[in-house]
Every structure is written in C-alpha cells, then in structure tokens.
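# Secondary and tertiary structure notes
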Amino acid sequence: MWQNAANVEEAKGIKSLRLQLLTVIGEHHSILTANPMGNPNLAVAVYKEAMTLADQLCLSVTDKADLMSGLGTAWLALKEYNDARPWLEQALHIQEQHFAQKEHQCLEPLGNLGIVHYRQGHYDKARSCLERALQIKQKHFGSD
C-alpha cells in the first residue's frame, strides 16, 4: 500500500517536471511574430498539452493562468484573435482576482488582450486595456 502511494507521488513529480519543461518550450516558441525564429503553431500545441497536464495534476488556477496567457499569446501570434481572446480574458480574470497586490502580473494578458481588441476593430476596448497596461507598467517599472 505504501509503495503504491510512493509510485503515485513519483508519477505526479514526473508530470510536474514535464509540465515545467513544456511551459519553458512554449514560452520560447511563442515569441512575437516579428521574430522569424518563433513557432507559434508549436507553442499552441505545447500549451494545450501543458493545460491537459495541469488539469491532471489538479494545479491551482493561478498556475494555470500563466499557461492560459501563453496559449492566448500564441494564438495572437497566429492572428487567430477569436481563439486568443478567451484565453487572455481568463488569464487576466484569474490574475486580477488572485494578484491584486501584484497587479504587474496582469501586464502580459492585459496588453495582449488590448492588441486582440485592436485587431478585431474594438478600439474602445483596446484603448482601455492598453492604457491600463501602460499605467501599471509605469507605476511598477518607471516611464522609460
């Protein structure tokens, strides 16, 4: 019985390491479209697999928020705005709820959501997101 419990914990540890690896790979390949080395298609596949592993490991919603933001960013790089928007909105919502004291955690999904809104012609929403992102950036990192 104890051996089975140890095997389960070992399997969770292996899955957790795999999730970390997939996240690093996804982040590397979701580089903006301006970078010819980026591969957003691979990033989408990696982030989807990472989300599946996160669900299997019952990771917290705050851990999943980074994955959601990465997946949304990869969809944005592919100009798939309807796919990007819900992931970025979910990530932003989670980060706003759980990181009220660390609002700079919201910068990536907020800025990318602003770009999505802009590309979809929702200029008022885009402006709101981007102005808020700029205010947070200036507050925490200066106005350079």
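Residues numbered from 1 in each chain as written. Predicted model: local features only at pLDDT ≥ 70, side-chain atom pairs only at ≥ 80, totals over all residues. Heavy atoms only, no water.

This part is about the nonpolar core. With 29 residues, the main nonpolar core has L19, L67, A84, L110 and V116 as its most contacted residues. For this core, the secondary structure elements donating two or more residues are α2 (40-56), α3 (61-77), α4 (81-98), α5 (107-119) and α6 (123-141). A84 has contacts with G72, W75, L76 and V116, leaving out every residue within four places of it along the chain. (Core = buried A, V, L, I, M, F, W, Y, C linked by side-chain atoms within 4.5 Å. Buried < 20%, exposed > 50% of the residue type's maximum accessible area, 1.4 Å probe, protein only. Helix = DSSP H or I, 4+ residues; strand = E, 2+ residues; numbered from the N terminus. Contact = heavy atoms within 4.5 Å.)

Glancing now at unusual backbone geometry. In this structure, K79 is a non-glycine residue whose phi angle is positive, near 65°. Relative to the helices and strands, K79 is located in the loop between α3 and α4. Since its relative accessible area comes to 55%, K79 is described here as exposed.

As a further point, take α2. Given a rise of 1.5 Å per residue, 17 residues ought to cover 24 Å, and the 24 Å separating the end C-alpha atoms of α2 matches this to within 8%. Among the residues making up α2, those that are buried are P40, A43, V44, V46, Y47, A50, M51, L53 and A54. C58 lies just past α2 and shows a positive phi near 55°. (Expected span 1.5 Å × (residues − 1).)

Further remarks concern the layout of surface pockets. Of the voids in this model, the largest pocket is the one considered here, and its volume is about 150 Å³. Forming the boundary of the largest pocket are S16, L19, Q20, T23, L57, L59, D63, D66 and L67. Those elements that place two or more of their residues in the lining of the largest pocket are α1 (2-29) and α3. Take the lining of the largest pocket: its biggest share by element is four residues, from α1. Here the residues of the lining of the largest pocket are counted per class, giving four nonpolar, three polar and two charged. (1 Å grid on protein atoms, 1.4 Å probe; cavity = no way out; pocket = protein on both sides within 12 Å on 5 of 7 lines; lining within 4 Å. Points joined across faces, edges and corners; volume = space filled by probe spheres on them. Nonpolar A, V, L, I, M, F, W, Y, C, P; charged D, E, K, R; others polar.)

This part covers the pattern of salt bridges. Within this structure, the stated rule accounts for four salt bridges. We note a salt bridge from D55 to K64, for which the minimum N-O separation is 2.7 Å. One salt bridge in this structure joins R132 and E96, with 2.6 Å as the shortest N-O distance. One end of the pair, R132, is in helix α6; the other, E96, is in helix α4, and 36 residues separate them in sequence. Judged by relative accessible area, R132 falls into the partly exposed class, the value being 32%. Accessibility expressed as a relative area gives 32% for E96, which makes it partly exposed. (Salt bridge = Lys/Arg side-chain N within 4 Å of Asp/Glu carboxyl O.)

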